[in-house]
Amino acid sequence: MAKLLKICFIIFGFLPILPSFLKGLPVILLFLIAIYFGIKSNFKDFKLITLLIGSSLFLVNIFSLINTFSFPRNKIETILSLLIVPLSFSLLKKQIKSNHERSFIIVFSITSILLSIIHFYFYYSLGLLNDTSLKVNSFRTAVVEIPIVHDHPIYVSMFLAITTLFIPWFYKNINSKVKYLFILGSLLCVIDLFLISSKGVIISMFCCWIVLTFIKFHLKKISSKIILLGLFFITFFISISYVPTLERRFRELKIKTTYTKINPNNSTSIRMGIYDCVIKTIVKKPILGHGLGVTPQRKCYEKVSKHLYKRNYNSHNQYLGYLLIAGLIGFFVLLGFLLFHFKNSIDKKNDLYFIVVFFFSIIMFTENILERQSGIILFIFLINLFEYSLIRYKKS
């Protein structure tokens, strides 16, 4: 069974290329293995308070149903991983070893790099790389339409960005020259990320790299810190100014009408319209929210834009999303969950754990990553992996 547990972590590493209908497979396998070990130990290591903290996001979503008196089965099935994964880890805490984390990181990085290679093959076959204008929507459409491994551009971008955050881990933990192949592969992921041009993910990645650099280099002189920070900003602004796909996406921010009129061809303009409607809807039920499985902002969409009403967008901000679903209670539960893991990562002095929590915290300002299985499973698994893997190998 111990070998099967390691295989389970390896399967989690295949998340970037697993078809949508198989994303939940490693979660089910992890749960079955956890139940086996739980029964074997008579659940003596199980602590209810640990589960309550770990599954708090699931519980607050279920609590929000008191506002709707409904049972949105599809939504509940989607968020079920927010309960199953923390429960499984709480039962497996004595079985988790450092090589589980190692296996996952290596396989996840390989499959993310493979995903980028598949993308470039399709970009080339579709003639997208021959077009000097590099139209961003063409690359995003290709990512959605690629057979088997297709996924929403946001989640694909998250896989690629997280792989780049593993570079310091590879440099430190892989002694052979193979680590340089992983680093080169990660750079391929960056190029792919720039072509897909998910603004929120790219900004989150740059923020994480700034923090990572300061953590790793331990710079004491203020002048050195300023120079390093300056280099990051210069790199960022050069990227969004001269990489055609990025330039088009970020150009929207400089257009005045972006903030005054909803333009279906301007993603930032759409977001402004979404945020306006979502905030107006939140104010109507600020304490308990409107409940899971409903889209109350749609009434506002109908008044302000046919495009918003037709597409029925989510809040495009996870913090606003929890305010909308579960009010201030949901917002503070989400905030408390993130702060708990920030503190945990600092206490355990694990840079990778900290930077992963930081990455998700930043990206939540621009995306609802906890509304689809790809985002939920990646988020809750990584959080629990770094929390529990430390318990085992810190002592050894």
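Overview of the structure. Just so we're clear, the structure is a prediction, and the values are computed from it rather than from any experiment.

This paragraph deals with the environment of L338. With respect to the helices and strands, L338 occurs in helix α18 (residues 318–347). When its relative accessible area of 3% is taken as the criterion, L338 is described as buried. Distance in space between the C-alpha atoms of L338 and D351 is 15 Å, their sequence separation being 13 residues. Contact partners of L338, with chain neighbours within four places excluded, come to Y319, V357, S361, M364 and F379.

Another aspect to go through is helix α15 (residues 267–284). Under the 1.5 Å per step criterion, the end-to-end length of α15 is 26 Å for 18 residues, consistent within 8% with the ideal 26 Å. Put simply, N266 is the residue that caps the front of α15, since its side-chain oxygen is 3.0 Å from the backbone nitrogen of T268.

Before going further, it helps to spend a moment on the state of the cysteines. Counted by the stated rule, this structure contains one disulfide. One disulfide bridge connects C277 with C300, the sulfur atoms lying 2.1 Å from each other. Every disulfide takes its handedness from the sign of the S-S torsion; for C277 and C300 that torsion is -70°, giving left-handed. You can see C277 sitting in helix α15 and its partner C300 sitting in helix α16 (residues 298–304), a full 23 residues away along the chain. For C277, a relative accessible area of 0% gives the class buried. Accessibility expressed as a relative area gives 13% for C300, which makes it buried.

Before going further, it helps to examine the packing of helix α7 (residues 98–125) against helix α11 (residues 178–196). Across the interface, α7 lies against α11 with an axial gap of 9 Å and an inter-helix angle of 50°. When the interaxial angle is binned, α7 and α11 end up oblique. The hand of the α7/α11 crossing is left-handed. Of α11, the residues touching α7 (which contributes I106, S109, I110, S112, I113, S116, I117, H119, F120 and Y123) are F182, G185, S186, L188, C189, I191, D192, L195 and I196. Considering only residue class, the contact of α7 with α11 consists of twelve nonpolar, six polar and one charged.

This brings us to the pattern of salt bridges. Applying the stated criterion across every chain yields a total of nine salt bridges. A salt bridge links D45 to K94, with the nearest nitrogen and oxygen atoms 3.6 Å apart. Residue D45 is located in the loop between α2 (25–40) and α3 (48–54), and its partner K94 is located in the loop between α6 (81–92) and α7; the two are separated by 49 residues in the primary sequence. A relative accessible area of 21% means that D45 is categorised as partly exposed. On the basis of relative accessible area, K94 is assigned to the partly exposed category, the value being 49%. Between E371 and K75 there is a salt bridge, and its shortest N-O distance comes to 3.7 Å. Remark: K75 occurs in helix α5 (residues 73–79) and E371 occurs in the loop between α19 (351–363) and α20 (373–393); sequence separation between them is 296 residues. On the basis of relative accessibility, which here comes to 23%, the residue E371 falls in the partly exposed class. We classify K75 as partly exposed; its relative accessible area is 33%.

What follows deals with the packing of aromatic side chains. Counted by the stated rule, this structure contains 27 aromatic pairs. Aromatic side chains F104 and F108 sit 5.3 Å apart centroid to centroid with 35° between the ring planes, which places their arrangement in the tilted category. Taken together, the residues span about one helical turn, with F104 and F108 both in helix α7 at a distance of four residues. The burial state of F104 is the same as that of F108; both residues are buried. For the pair Y319 and F365, a centre-to-centre distance of 4.8 Å together with 45° between the ring planes defines the contact as tilted.

On the surface, F63, I66, I287, L288, L328, I329 and F332 cluster together into a nonpolar patch covering about 580 Å² of accessible area. Sorting elements by how many residues they give to the nonpolar patch places α18 first, with three residues. In this fold, I66 is placed in the loop between α4 (56–63) and α5. Under the relative-accessibility criterion, I66 is labelled partly exposed at 42%.

In this section: helix α14 (residues 244–251). Restricting attention to buried positions, one finds in α14 the residues T245, L246, R249 and F250. The buried residues of α14 occupy an angular sector of 115° when the element is viewed end-on, so they sit on one face.

In this section: unusual backbone geometry. One non-glycine residue, F43, adopts positive backbone phi at about 60°. As for its position among the elements, F43 is in the loop between α2 and α3. A relative accessible area of 38% means that F43 is categorised as partly exposed. The phi torsion at H316 lies on the positive side, around 55°, for a residue other than glycine. The residue H316 is located in the loop between α17 (306–311) and α18 in this model.

The rules behind these values
- Residues numbered from 1 in each chain as written.
- Predicted model: local features only at pLDDT ≥ 70, side-chain atom pairs only at ≥ 80, totals over all residues.
- Heavy atoms only, no water.
- Helix = DSSP H or I, 4+ residues; strand = E, 2+ residues; numbered from the N terminus.
- Buried < 20%, exposed > 50% of the residue type's maximum accessible area, 1.4 Å probe, protein only.
- Contact = heavy atoms within 4.5 Å.
- Expected span 1.5 Å × (residues − 1).
- Polar contact = N/O pair within 3.5 Å; in protein donor to acceptor, adjacent residues only side chain to side chain.
- Disulfide = S-S within 2.5 Å.
- Axes fitted to C-alpha atoms, helices over the stretch in contact; angles between N-to-C directions.
- Parallel < 35°, antiparallel > 145°, perpendicular 65-115°, else oblique.
- Left-handed = near helix turned anticlockwise from the far one by under 90°.
- Nonpolar A, V, L, I, M, F, W, Y, C, P; charged D, E, K, R; others polar.
- Salt bridge = Lys/Arg side-chain N within 4 Å of Asp/Glu carboxyl O.
- Phe/Tyr/Trp six-rings, centres within 6.5 Å; stacked < 30°, edge-to-face > 60°.
- Patch = residues over 30% accessible without salt bridge, like charges linked within 9 Å, V, L, I, M, F, W, Y side chains within 5 Å.
- Areas by Shrake-Rupley, 256 points an atom, 1.4 Å probe, with all protein chains shown as cover.
- Arc of directions from axis to C-beta.

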